[in-house]
Amino acid sequence: MLALDKVLDGKPTKNDIKRMAELRIRNLQAFGELQNYNDSGKWRYKHPLIVHMSERFSLLELKRKDPEQFLRESANCSHNVKRYTSYLKNENRADKRESDRQNLERHKERQVIFEDIIKNENG
């Protein structure tokens, strides 16, 4: 961007202006990713460099490559939500309550992604 700033101060071409706008957008995306991670401890996975690292992306790839496995994973996720919900009600697991709560939250978040992918495919 610094090199393009010098060019833009002179006589910029349309390509120079377009390139600067693209770099600015990527810069803002990177800043947004870092800000969100700093605030919440989670990535948004919007920046092109890390979008492929998201859970959603990997599930979409699984659905595209192996739809049957995708459906099995979705069913397993639903079963895990039921299991951890049951664990939280079980008095014998009082010592594991916090890890059960964390696992339940993780599986609920994943279940939302599964449902959204399925809904968007059929909608």
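Only a predicted model underlies this, so the values are computations on that prediction, with no experimental measurement involved.

S.K.: Outline the pattern of salt bridges, listing residues and values.
M.R.: All chains considered together, the criterion is met by 7 salt bridges. With a shortest N-O distance of 2.7 Å, Arg64 and Glu61 are connected by a salt bridge. With Arg64 and Glu61 both in helix 3 (residues 55-65), this residue pair falls 3 residues apart, about one helical turn. Here Glu61 falls in the partly exposed class, since its relative accessible area comes to 23%.

S.K.: Which residues make up helix 2 (residues 14-40), and what values go with them?
M.R.: Helix length check: helix 2, at 27 residues, gives a terminal C-alpha distance of 39 Å against a target of 39 Å (1.5 Å per residue), a fit within 8%. Buried within helix 2 we find Asp16, Met20, Gly32 and Glu33. Directly after helix 2, the chain includes Gly41, whose backbone phi takes a positive value near 80°.

S.K.: Run through the side chain of Arg97, naming residues and quoting values.
M.R.: Turning to its location among the elements, Arg97 is positioned in helix 5 (residues 97-122). Buried within the structure, Arg97 lacks any salt-bridge partner; its nearest side chain of opposite charge belongs to Glu91, at an N-O separation of 4.4 Å. Apart from residues no more than four positions distant in its own chain, Arg97 is found in contact with Tyr87, Leu88, Lys89, Asn90 and Glu91.

Cut-off values and rules
- Residues numbered from 1 in each chain as written.
- Predicted model: local features only at pLDDT ≥ 70, side-chain atom pairs only at ≥ 80, totals over all residues.
- Heavy atoms only, no water.
- Salt bridge = Lys/Arg side-chain N within 4 Å of Asp/Glu carboxyl O.
- Helix = DSSP H or I, 4+ residues; strand = E, 2+ residues; numbered from the N terminus.
- Buried < 20%, exposed > 50% of the residue type's maximum accessible area, 1.4 Å probe, protein only.
- Expected span 1.5 Å × (residues − 1).
- Lys, Arg positive; Asp, Glu negative; His and termini not counted.
- Contact = heavy atoms within 4.5 Å.

The analysis is restricted to geometry; functional conclusions fall outside its scope.
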